[in-house]
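Listed below, chain by chain, are the residues.
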Amino acid sequence: MAKQGNIQIASENMMPIIKKWLYSDKDIFLREIVANGIDAITKYRKLVEMGETAEDESNKNYCIKISVDKDAKTLTVEDNGIGMTENEVEKYITQIAFSGAADFLAKYEKAGGDGIIGHFGLGFYSAYMVSENIEIFTKSYREGAKGVHWESDGESTYTIEDCDKAERGTRIVMHIAKEEKEFLDEGRIRSLIEKYCAFMPYDIYYNFTGKDDKALNDTHPLYLKNPKECTDEEYKEFYRKTFHDYHDPLFWIHLNMEYPFRLKGILYFPKVKSKVELERGKVKLYCNQVYIADNIKEVIPEFLTLLNGVIDCPDIPLNVSRSFLQNDRQVQKISKHITKKVADKLTGLFKTDRKKYQQCWNDISVFIKLGCIKDEDFYSKVKDIIIFKDLNGEYKNLDEFIGKAPQAEANAEGESAAAEGDKAEEKKEEQPTTIYYISDEAGQAQYIDMFKNAGLNAIVCDTFIDTHFVSYLEYKEPTKYRFMRIDADVDAALKNGEAGKDEEADKALVEAFKAVLKNTSVAVKAEKLKNAEVPAIINVSEFSRRFGEMNAFYGIAGADADRDMTLILNTANPVIEAFTGLDEQKKTFVANQVYYMARLAYKKLSPEEMKEFAENNAALLKNYID
Ligand code: ADP
Ligand code: MG
């Protein structure tokens with residue numbers, strides 16, 4: 001028979017490892033010690049609730065008291081919870097990784113483990129990261145229990161003895177190590193409490209005096225409340241306090257679910273104007289009102305970390321160090337569920353209160369679009385509630401937009417419609433619908449005017465993310481939509497059919513025009529447009545413009561957004577109509593002036609071009625008065 005034995009762990013070898021490696025961050029020791037006090041109170045109250053013990057009327061102001069003694073170099077955390085007997089101290093404190101929380105839960109399973117934080121039996125020892133010695137003074141709730149004093153330097157030995165302690169509960173006295181004296185600083189301690197213990201369920205005091213004390217924490221944070229009972233003012237107040245942002249949030253989503261796991265929280269959409277501001281978001285993750293960490297990517301879908309928020313999920317499978325998650329399917333499920341819930345809330349609002357949704361839209365659209373780009377799942381859930389403002393100032397989703405606003409092909413009349421009839425049929429089946437968009441209402445004013453006069457519509461895409469977003473939509477819906485900036489497809493959108501088109505005459509016009517035009521890099525084309533008032537207009541290929549914009553966005557040098565610029569001469573305009581009949585001098589003057597005007601409506605002229613344009617204008621004025 002093979003011999004059996006227990007593996008022995010020598011504590012003097014283990015302690016340095018625990019101290020050094022178990023926790024990623026020293027600061028968390030305070031959370032662990034305070035959380036133990038909170039657990040101790042929760043346990044005591046559970047016993048009372050279950051009738052295991054009678055509540056001690058003289059000691060029922062349940063709270064945690066923290067204090068610092070600079071001279072003695074101690075940091076003390078005291079609770080009036082369950083306390084420990086000598087046996088319990090030996091068992092729970094001295095045997096590392098023997099968690100009293102697990103023991104308690106096993107024993108009182110019927111009461112449910114709700115609200116008990118501890119789990120692994122290692123939290124207490126984290127205090128040795130900052131202490132050279134720790135004392136415990138504790139007295140159990142049990143009848144006739146004596147006070148117990150335990151002390152250890154955290155290396156490998158400890159002492160334990162009776163002591164006088166009048167009140168039920170536990171006092172942990174940490175003798176702070178020399179190198180760690182920052183933990184004797186009141187400001188430091190307060191800020192740690194604010195970070196890690198802000199929502200713990202019992203009052204936490206610093207230097208408790210017995211009168212007019214104000215707890216440092218909020219024991220009933222708003223996110224735990226029923227959303228129906230929360231007012232806008234409360235949401236804003238909670239936001240200000242939690243995120244120290246004096247700007248009001250624009251919109252929020254209150255998550256509150258019990259199934260398939262428990263999760264509560266509030267996500268706020270802050271005001272953002274630029275890409276840089278976007279990256280400042282922070283979603284704080286809590287487990288039973290105990291802070292775990294910010295922006296944990298396993299639990300919180302990446303795009304939501306652009307927001308500010310708190311999420312409390314008692315069911316997340318934490319490992320010992322609490323800041324790391326077990327690599328668990330459950331975690332993925334939680335993350336997916338959060339995405340789904342956010343999408344549900346937004347679609348719900350869209351359906352039930354479209355007006356309010358539209359009012360918020362400008363503020364939340366950047367987040368939603370980024371969310372779509374970063375998370376295809378999210379996109380598929382919200383794609384129908386992505387809306388765009390059109391030229392009439394109405395907000396529509398793309399299908400509504402296509403349905404209600406016939407595009408260029410459908411608008412073409414007469415011969416052209418007949419000629420293109422077959423082609424249009426085909427298009428409907430496999431070709432995406434062209435949607436025109438504007439990126440700058442002021443800069444593209446002339447194009448917008450022409451579109452409106454021609455009875456065409458377009459959507460406004462003027463946030464910094466829209467170029468990306470329309471590309472993303474094309475990639476996701478290749479058979480549905482194709483996007484053209486309003487200045488990218490002018491000839492197709494605005495041409496007035498094929499009626500009266502004279503190929504020969506157009507060719508002659510273009511040749512005559514090019515012969516005198518100083519800018520030789522621009523292509524020239526003649527087209528009869530629906531609007532007669534404009535002599536010419538610049539058209540830039542959507543593809544090359546976008547390519548240039550992307551390069552510029554990623555800082556690639558030499559990006560030229562103006563490649564493939566075409567000057568469309570409008571044969572419906574009287575000046576263009578008369579052009580070929582002019583003498584050489586007039587041709588030169590008119591051609592260049594027409595080009596400059598078209599260029600100006602599209603984009604700035606080069607300095608030399610601007611100079612000549614100004615000179616020409618001066619000459620025109622002179623002629624006018626002569
Ligand atoms: P955990 O909290 O994960 O169980 P800890 O190392 O933090 O592990 O604590 C070990 C055990 O010591 C606890 O489960 C509890 O039984 C006991 N304990 C620690 N602090 C206190 C306290 N303030 N009051 C009562 N018991 C405590
Ligand atoms: Mg603990």
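Anything mentioned here points back to the structure above.
Residues numbered from 1 in each chain as written. Chains lettered and ligands numbered in written order. Predicted model: local features only at pLDDT ≥ 70, side-chain atom pairs only at ≥ 80, totals over all residues. Heavy atoms only, no water.

Here's the deal with the overall build of the protein chain
Then step 1. Each helix and strand in the protein chain was counted, giving 22 helices and 20 strands.
Then step 2. Burial analysis of the protein chain (626 residues in total) assigns 49% to the buried set.
Then step 3. A sequence separation of at least 24 residues applies to 71% of the contacts in the protein chain between residues at least 6 apart.
Then step 4. Carbon and sulfur atoms form 49% of the exposed surface of the protein chain, whose accessible area is close to 31600 Å². (Helix = DSSP H or I, 4+ residues; strand = E, 2+ residues; numbered from the N terminus. Buried < 20%, exposed > 50% of the residue type's maximum accessible area, 1.4 Å probe, protein only. Contact = heavy atoms within 4.5 Å. Areas by Shrake-Rupley, 256 points an atom, 1.4 Å probe, with all protein chains shown as cover.)

Details of the sheet that holds strand 15 (residues 433-438)
Then step 1. Taken together, three strands build an open sheet; the order of strands is 16-15-17 and the sheet is parallel. Two strands in the sheet have a free side with no partner beyond their single neighbour: strand 16 (459-460) and strand 17 (481-485).
Then step 2. Strand direction decides the pairing type here: strand 15 and strand 16, joined by two bridges, are parallel. Counterpart to Ile438 in the pairing with strand 16 is Val460.
Then step 3. Across the face of the sheet, helix 16 (residues 466-476) comes into contact with strand 15 and strand 17 while running at roughly 155° to strand 17.
Then step 4. Packing of helix 19 (residues 542-553) onto the sheet brings it into contact with strand 15 and strand 17, and relative to strand 17 it is tilted by some 80°. (Pairing = 2+ DSSP bridges. Axes fitted to C-alpha atoms, helices over the stretch in contact; angles between N-to-C directions.)

Brief notes about helix 19
Then step 1. Compared with the 16 Å implied by 1.5 Å per residue over 12 residues, the 16 Å span of helix 19 between its first and last C-alpha is a close match.
Then step 2. Considering only its buried residues, helix 19 is in contact with strand 15, helix 16, strand 17, strand 19 (536-540) and helix 21 (584-602).
Then step 3. After helix 19 finishes, the residue Gly555 shows a positive phi value of roughly 70°. (Expected span 1.5 Å × (residues − 1).)

A closer look at the packing of helix 2 (residues 28-49) against helix 5 (residues 186-196)
Then step 1. Taken N-terminus to C-terminus, the directions of helix 2 and helix 5 make an angle of 70°; their axes are 9 Å apart at the nearest point. With respect to their mutual orientation, helix 2 and helix 5 come out roughly perpendicular. The element helix 2 and its partner helix 5 pack so that their crossing is right-handed. Contact residues: helix 2 offers Ile28, Leu30, Arg31 and Val34, while helix 5 offers Ile189, Leu192, Ile193 and Tyr196.
Then step 2. Grouping the amino acids of the contact of helix 2 with helix 5 by side-chain chemistry returns seven nonpolar, no polar and one charged. (Parallel < 35°, antiparallel > 145°, perpendicular 65-115°, else oblique. Left-handed = near helix turned anticlockwise from the far one by under 90°. Nonpolar A, V, L, I, M, F, W, Y, C, P; charged D, E, K, R; others polar.)

As for empty space enclosed by the protein
Then step 1. This model, assessed by the stated rule, comprises one cavity of 30 Å³ or more.
Then step 2. Estimated volume of the largest cavity: approximately 60 Å³.
Then step 3. Lining the largest cavity are Phe269, Phe303, Leu304, Leu307, Val342, Leu346, Phe367, Ile368 and Phe378.
Then step 4. Looking at the lining of the largest cavity residue by residue, the class counts come to nine nonpolar, no polar and no charged. (1 Å grid on protein atoms, 1.4 Å probe; cavity = no way out; pocket = protein on both sides within 12 Å on 5 of 7 lines; lining within 4 Å. Points joined across faces, edges and corners; volume = space filled by probe spheres on them.)

Some points on the pattern of salt bridges
Then step 1. Tallied over the entire structure, the rule returns 38 salt bridges.
Then step 2. Across the pair Glu78 and Arg171 runs a salt bridge whose closest N-O atoms are separated by 3.7 Å. Of this pair, Glu78 sits in strand 2 (residues 74-79) while Arg171 sits in strand 6 (residues 169-176), and the two are 93 residues apart along the sequence.
Then step 3. The class of Arg171 is partly exposed, set by a relative accessible area of 26%.
Then step 4. The salt bridge partner of Lys264 is Glu258, with a shortest N-O separation of 3.4 Å.
Then step 5. One network of salt bridges, in which partners are shared, links Glu233, Glu237, Arg240 and Asp248. (Salt bridge = Lys/Arg side-chain N within 4 Å of Asp/Glu carboxyl O.)

Overview of the environment of Asp384
Then step 1. Here Asp384 is to be found in the loop between helix 10 (376-382) and strand 13 (387-389).
Then step 2. When its relative accessible area of 45% is taken as the criterion, Asp384 is described as partly exposed.
Then step 3. In this structure the C-alpha to C-alpha distance between Asp384 and Phe350, which are 34 residues apart in sequence, comes to 9.5 Å.
Then step 4. Each residue touching Asp384, except ones within four places of it in the same chain, is listed here: Phe350, Asn397 and Asp399.

Structural notes on the side chain of Asp390
Then step 1. Within the secondary structure, Asp390 sits in the loop between strand 13 and strand 14 (395-397).
Then step 2. Sequence-distant contacts of Asp390, defined by excluding residues within four places in its chain, comprise Lys396, Phe401, Asn457, Ala458, Ile459 and Val460.

Looking at the packing of helix 18 (residues 503-516) against helix 21
Then step 1. Relative orientation of the contacting elements helix 18 and helix 21 amounts to 90°, with a least axis distance of 8 Å. One finds that helix 18 runs roughly perpendicular with respect to helix 21. Two secondary-structure elements touch here, helix 18 through Ala512, Phe513 and Val516 and helix 21 through Glu584, Lys587, Thr588, Ala591, Asn592 and Val594.

Describing unusual backbone geometry
Then step 1. With an omega of 5°, the peptide bond between Tyr259 and Pro260 qualifies as cis.
Then step 2. Looking at the secondary structure, you find Pro260 in the loop between strand 8 (251-257) and strand 9 (263-269).
Then step 3. Even without being a glycine, Asp212 presents a positive backbone phi close to 55°.
Then step 4. Inspection of the secondary structure assignment puts Asp212 in the loop between strand 7 (203-206) and helix 6 (232-243).

Re the sheet that holds strand 4 (residues 147-152)
Within a beta sheet, neighbouring strands are joined by backbone hydrogen bonds and run either parallel or antiparallel to one another.
Then step 1. Ordered in space as 5-4-3-6-2-1-7, the seven strands form an open sheet in which the pairing is mixed. On the outer flanks of this sheet lie strand 5 (158-163) and strand 7, each paired with one strand and no other. Within this sheet the neighbouring strands show an average axis-to-axis angle of 15°, counted without direction.
Then step 2. Bridge analysis of strand 4 against strand 5 gives six bridges, and the strand direction is antiparallel. What sits directly across from Trp150, in strand 5, is Ile160.
Then step 3. Running over the sheet, helix 5 touches strand 1 (63-69), strand 2 and strand 7 and is turned about 170° from strand 7.

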